[in-house]
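# Coordinate analysis (summary)
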Amino acid sequence: MNYSRQQAWGLLRQHVQSEVLLKHCLAVEIAMRAYAAKFGENVEYWGAVGLLHDVDFEKYPNDHPHHAREILSAAGYDSQFATDVESHAREWEQERTLLQKTLLAVDELTGFIIACALVRPDKNLDNLEVKSVMKKMKDKAFARAVNRETIITSAEAMNVEIKEHVDFLTKALAQAVKMPEYQELPLVG
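Residues numbered from 1 in each chain as written. Predicted model: local features only at pLDDT ≥ 70, side-chain atom pairs only at ≥ 80, totals over all residues. Heavy atoms only, no water.

### A few points about the side chain of H64
- Within the element layout of this structure, H64 appears in the loop between α3 (43-52) and α4 (68-74).
- A polar contact of 2.9 Å, which involves the side chain of H64, links it to the side chain of D54.
- In contact with H64, not counting residues within four places along its chain, are H53, D54, D56, F57 and H88. (Helix = DSSP H or I, 4+ residues; strand = E, 2+ residues; numbered from the N terminus. Polar contact = N/O pair within 3.5 Å; in protein donor to acceptor, adjacent residues only side chain to side chain. Contact = heavy atoms within 4.5 Å.)

What follows is the structure, given as structure tokens:
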């Protein structure tokens, strides 16, 4: 199976119109690719899982991610890939693999980090400090839809300290937003 970024991006664009959701999927892709490289895993595969993790969200927001498998299967993705995408469901009852734990751990946090950057005067990820993100985590009024407990427990499940996780993702996002493939839909700015 070919897990090319181009193929995954094409499929995502067929099923997602919302620019906000597309940006979120791009951020999760960046995070998954960064962690795959750190862990010595398949960067293309992990990136495709991240990019397509919300492929069914726009059409089925109340039953997400339970329709991802049919969309992915129709596009030629295998059963394991669909399982990896589905694994970020909160009610997942199976033991998660490292990839699946990572997907859950980056899903909410990438958006939170970007939200932290967007409220800064320079709207820049390069200058965003871990302590600023951690301070915003304590502010329940800021990005109130973000589940802080999921962020913390999913990092713990990966055996990564939360501050280290925030730092790693902030740096990965800051570096990636400068790359040509992320210029079409800038995540910040």
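### Observations concerning the packing of helix α6 (residues 98-118) against helix α9 (residues 162-176)
- α9 packs onto α6 with a crossing angle of 65 degrees between their chain directions and a minimal axis gap of 10 Å. On the basis of the axis angle, α6 is roughly perpendicular to α9. Seen from above, α6 lies across α9 with right-handed handedness. Of α9, the residues touching α6 (which contributes A105, V106, L109, T110, I113 and I114) are H165, V166, L169, T170 and L173. (Axes fitted to C-alpha atoms, helices over the stretch in contact; angles between N-to-C directions. Parallel < 35°, antiparallel > 145°, perpendicular 65-115°, else oblique. Left-handed = near helix turned anticlockwise from the far one by under 90°.)

### Considerations on the nonpolar core
- Within the largest apolar cluster, 65 residues are counted, with the highest numbers of intra-cluster contacts made by L12, L52, L72, F81, F112 and L125.
- When residues in this core are grouped by element, the largest group, 12 residues, is from helix α2 (residues 19-39).
- Setting aside chain neighbours within four positions, we find F112 in contact with V133, K136, M137, F142, A143, V146, R148 and I151. (Core = buried A, V, L, I, M, F, W, Y, C linked by side-chain atoms within 4.5 Å. Buried < 20%, exposed > 50% of the residue type's maximum accessible area, 1.4 Å probe, protein only.)

Geometric values such as these leave the question of function open.
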